[in-house]
Amino acid sequence: MTVDRFDPTPIYRQLADIVIAMIRAGELEPRDPIPSEAQMVREHGVARDTARAAVAYLREEGWVFTLPQRGTYVSPRGKWPTGGR
């Protein structure tokens, strides 16, 4: 999956959707680390603030949790949002 700069969806949401798709597909399991902000910047050619916003969105929605100085990890399945997303 790639970021579509012509899509009206904000880029940070597109990045978050890419990570969510990886989680749903089983590419990332609970407690697995998600791609770092630096990886997102390199792989998708976005600004670091955009990658940071994507991670913040994922955290707010319950898909991931962050451990200071350790990284961001996929939340247990029971914490994942239900419904539309």
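Residues numbered from 1 in each chain as written. Predicted model: local features only at pLDDT ≥ 70, side-chain atom pairs only at ≥ 80, totals over all residues. Heavy atoms only, no water.

Here we take up the pairing of strand β2 (residues 71-74). When strand β1 (residues 64-67) meets β2, the two strands line up antiparallel, connected through four bridges. Across the sheet, the residue bridging to T66 is T72, located in β2. What sits between the antiparallel neighbours β1 and β2 is a turn of three residues, in which Q69 has the positive phi angle 65°. (Pairing = 2+ DSSP bridges. Helix = DSSP H or I, 4+ residues; strand = E, 2+ residues; numbered from the N terminus.)

Attention now goes to the packing of helix α2 (residues 37-44) against helix α3 (residues 48-61). The contact between α2 and α3 brings their axes to 9 Å, and the two run at 120°. As far as their axial angle goes, α3 and α2 are oblique. Pair α2 / α3 crosses with right-handed handedness. On the side of α2, the interface is formed by E37, A38, M40 and V41, while α3 contributes R48, A51, R52 and V55. By residue class, the composition of the contact of α2 with α3 is five nonpolar, no polar and three charged. (Axes fitted to C-alpha atoms, helices over the stretch in contact; angles between N-to-C directions. Parallel < 35°, antiparallel > 145°, perpendicular 65-115°, else oblique. Left-handed = near helix turned anticlockwise from the far one by under 90°. Contact = heavy atoms within 4.5 Å. Nonpolar A, V, L, I, M, F, W, Y, C, P; charged D, E, K, R; others polar.)

All right, on to the packing of aromatic side chains then. Within a pair of aromatic rings, the relevant descriptors are the distance that separates the centres and the angle that separates the planes. Taken as a whole and judged by the stated rule, the model has three aromatic pairs. Note on W63 and W80: the rings are 5.4 Å apart at their centroids and 35° apart in plane angle, and the pair reads as tilted. Linking W63 in the loop between α3 and β1 with W80 in the segment after β2, this pair joins segments that are 17 residues apart in sequence. Accessibility expressed as a relative area gives 2% for W63, which makes it buried. (Phe/Tyr/Trp six-rings, centres within 6.5 Å; stacked < 30°, edge-to-face > 60°. Buried < 20%, exposed > 50% of the residue type's maximum accessible area, 1.4 Å probe, protein only.)

Attention shifts here to α3. Here α3 spans 20 Å end to end across 14 residues, near enough to the 20 Å set by a 1.5 Å rise per residue. All buried positions along α3 are accounted for by A51, A54, V55, Y57 and L58. Taken down its axis, α3 places every buried residue within 155° of arc, on the same side. Summarising the geometry of α3, the exposed residues directed more than 90 degrees from the buried face are D49 and E60. Structurally, α3 contributes buried residues whose contacts are with α1 (11-24), α2, β1 and β2. Where α3 ends, the next residue or the one after it, G62, has phi of about 95°, a positive value. (Expected span 1.5 Å × (residues − 1). Arc of directions from axis to C-beta.)

Looking now at the packing of α1 against α3. The N-to-C vectors of α1 and α3 enclose an angle of 55°; their axes lie 8 Å apart at closest approach. Taken together, the axes of α1 and α3 lie oblique to each other. Where α1 crosses over α3, the handedness of that crossing is right-handed. In this structure, α1 contributes I11, Y12, R13, L15, A16, V19 and I20 to the contact, and α3 contributes T50, A51, A53, A54, Y57 and L58. Grouping the amino acids of the contact of α1 with α3 by side-chain chemistry returns eleven nonpolar, one polar and one charged.

Any functional reading would require information that these geometric values do not contain.
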